[in-house]
Structures are given as structure tokens and as C-alpha cells.
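Structure at a glance
The primary structure of each chain is shown beneath.
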Amino acid sequence: MLKKSLLTALAIVVVSHVAFAQPTDFGVARSSRPIRILLGGGASVPVGEFADRYDPGYTIHGSLLIRLGSFPINLRTDVNYSRLKLKDLFSPTGETAFADDATKMLGGLLNLTLPLGTGPVRFYVMAGVGAINVDPAQFSSTSPESSVEFAINGGGGLQLRLFGLEAFVEARINNVYTERGIVDTKGISMIPVTFGVIF
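The paragraphs below set out a description of the structure included in this document. What you are looking at is a predicted structure, and each value in this text was computed from that prediction instead of being measured.

When helices and strands are tallied, the chain shows 3 helices and 10 strands. Starting at the N terminus, the α and β elements of the chain follow one another as α-β-α-β-β-β-β-β-β-β-β-α-β. The buried share among the 199 residues of the chain stands at 35%. Across the chain, every contact between residues at least 6 apart in sequence was considered, and the portion connecting residues at least 24 apart equals 61%. Only carbon and sulfur atoms are counted for the fraction: they give 69% of the accessible area of the chain, which is about 10,700 Å².

As a further point, take the sheet that holds strand β10 (residues 188-198). Taken together, the 8 strands give a closed barrel; going around it, the order is β1-β2-β3-β6-β7-β8-β9-β10, and neighbouring strands pair in antiparallel fashion. Each neighbouring strand pair of the sheet contributes to a mean axis angle of 25 degrees, computed without reference to strand direction. Across 9 bridges, strand β9 (residues 165-176) lies against β10 in antiparallel orientation. Residue pairing for β10: V176 is matched across the bridge by I188.

Our focus in this paragraph is the pairing of strand β7 (residues 122-135). As judged from the 13 bridges shared by strand β6 (residues 102-116) and β7, these two strands associate in the antiparallel manner. Bridging from a neighbouring strand, L110 pairs with V129 of β7. Between β6 and β7, which pair antiparallel in sequence order, lie 5 residues; one of them, G117, sits at a positive phi of approximately 90 degrees. Bridge analysis of β7 against strand β8 (residues 147-162) gives 13 bridges, and the strand direction is antiparallel. Bridging from a neighbouring strand, I132 pairs with E149 of β8.

The subject of this paragraph is the pattern of salt bridges. One pass over the full model with this rule turns up 7 salt bridges. Residue R36 is joined to E166 by a salt bridge in which the shortest nitrogen-to-oxygen separation is 3.3 Å. Taken as a pair, R36 in strand β1 (residues 35-46) and E166 in strand β9 lie far apart in primary sequence, 130 residues in all. As far as the burial class goes, R36 and E166 line up, both buried. Linking D78 and R172 is a salt bridge whose minimum nitrogen-to-oxygen distance equals 3.0 Å. Here D78 is found in strand β3 (residues 74-85), whereas its partner R172 is found in strand β9, with 94 residues between them in sequence. For D78, a relative accessible area of 2% translates into the label buried. Among the residues examined, R172 registers a relative accessible area of 5% and is labelled buried.

So, about the packing of aromatic side chains. Per the stated rule, a full pass over the model turns up 3 aromatic pairs. Between Y58 and Y81, the aromatic rings sit 6.3 Å apart at their centres with planes inclined by 50 degrees, giving tilted as the arrangement. Of the two residues, Y58 is situated in strand β2 (residues 57-66) and Y81 in strand β3; the sequence distance between them amounts to 23 residues. Here the aromatic rings of F150 and Y177 are separated by 5.7 Å at their centres, their planes lie at 40 degrees, and the arrangement is tilted. Within this pair, whereas F150 is found in strand β8, its partner Y177 is found in the loop between β9 and α3 (183-186), the two being separated by 27 residues in sequence. For Y177, a relative accessible area of 27% puts it in the partly exposed group. Geometry around F168 places R76 over its ring, the cationic atom sitting 5.9 Å from the centre.

We now examine the pairing of β10. Note: β1 against β10, 9 bridges, orientation antiparallel. Paired with P46 across the two strands is M190, which belongs to β10.

For N174, the location among the structural elements is in strand β9. On the basis of relative accessibility, which here comes to 10%, the residue N174 falls in the buried class. Setting aside residues no more than four positions away along its own chain, N174 makes contact with I152, N153, I188, S189, M190 and P192.

Calculation notes
- The residue numbers shown here count from 1 along each chain, following its written sequence.
- Only residues with pLDDT of 70 or above have their local features reported here, since the model is predicted, and side-chain atom pairs are shown and tallied only from 80 upward, although totals for entire chains, interfaces and linings are computed over all residues.
- Derived side-chain values reflect all non-hydrogen atoms in the structure, with water molecules and hydrogen atoms excluded from consideration.
- Here a helix means four or more residues in a row that DSSP labels H or I, a strand means two or more in a row labelled E, and each is numbered from the N terminus.
- Think of it in three bands: residues with accessible area under 20% of the maximum for their type are buried, residues over 50% are exposed, and the middle band is partly exposed, with areas taken using a 1.4 Å probe on protein chains only.
- Residues are treated as being in contact if the distance between any of their heavy atoms lies within 4.5 Å.
- Using a 1.4 Å probe, accessible areas were evaluated by the Shrake-Rupley method; residue-level cover was limited to the displayed protein chains.
- Criterion used throughout: strands pair if DSSP finds at least two bridges between them.
- Interaxial angle, 0 to 180 degrees, is taken between N-to-C directions of lines fitted to C-alpha atoms, where a helix line uses only the stretch in contact.
- Salt bridge criterion: a side-chain nitrogen from Lys or Arg within 4 Å of a carboxyl oxygen from Asp or Glu.
- Ring pairs shown here join Phe, Tyr and Trp side chains whose ring centres sit within 6.5 Å, with only the six-membered ring taken for Trp; geometry is labelled stacked below 30 degrees between planes, edge-to-face above 60, and tilted in between.
- Only Lys NZ and Arg CZ are tested; either one counts as a charge over a ring when it is within 6 Å of the ring centre and within 35 degrees of the ring normal.

These results come straight from atomic positions and should not be treated as a statement about function.
Written out as C-alpha cells, the structure reads:
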């Protein structure tokens, strides 16, 4: 029910923004270049069942932000790498095991970004789909092998000028669908919170 409400609210924002957006506002502050480069990184926080097995980790990503002519929505391609460490597990003797094992994820996402407002600080929302290569932590001889999985993501951020550079800070939720089922109950769900610069 919550997901349906959020999707409905996002749809209302998109429709109203497209209807009333100024033609010159593309969410690409202080630049008319058709393609911008974004580089960033930060923390990746597991949520749901995934948080029961993994500690927060880190994520890095590079992106291309592409203007779509006079259309007020941008296209953004992301390449992401995330690493999350398996929580310490304890053997019957009380010794910590598998403390160095981690799940590593490398993939690409294709997003649409919608800038909201004008000025030196701009809010934007984004959503998209992609494919993630998941290399799971190897904690036993029966641990699964790496595989490529379908993923969706959505979130928002701020684009601003900082110390003479254009910068962004954003948070989104990444859901990865696995062979076990939908991710919010039995798969991978995490929230990357990142900061970066725009060229």
C-alpha cells in the first residue's frame, strides 16, 4: 500500500512538473552542455532481511547525465560498485568466523531524473532499472556463485555549487531481484547515500 502511494505521488509530481516546467530548466545548473559527468561515493546501508546478515558498506559510482533536448527530464546512466561485509558469525566455541567475507556488487543502471525548481540549489528525483552482478560472500562450501540479477532503484538528491564546484548529494533505495524472490523479503535491498562532483 505504501509503495502504491509513493508511486502515485511521484506520478503526480512528474505530470505537474512536465506541464509547468520552464523550457530552459534541465536540472543542469550553470551549464548548457548536453552531457555531464558525475563521480561520487559514500555509504551503502542494508535494509530489511539483508540487514540481518550484512553490516553497512561503501559504494562508488560514475554517471553520465544526458539532456534530452527540450524535454524536462534527463537520462542518466550509472555504473556502480558496492561492497558490504558479512556480519560476524560465531562458532559453537565462541570464535568469530567469516569476518572478512563480503558481498560485492557491480552493475549498471539506466535512470530518468526529474529536476524540481531552479536556482543554485536544485532538488531532483530519479528512478530506473538495470542489471547487477552479485558476488556473494563465501561463508561455506555451499555458498552461491556470482550471478547477474535484475535491479530497480529510486530516490532523490540535491544539486548545488560547493567551493567553486558543482556537487550533488543523494540517497536512493536499490532493490535486487534474486532467484529466491522479490528483494524486500528474501533478497538484496540497500540504501546508498552518496556525495560527489559534476563536471
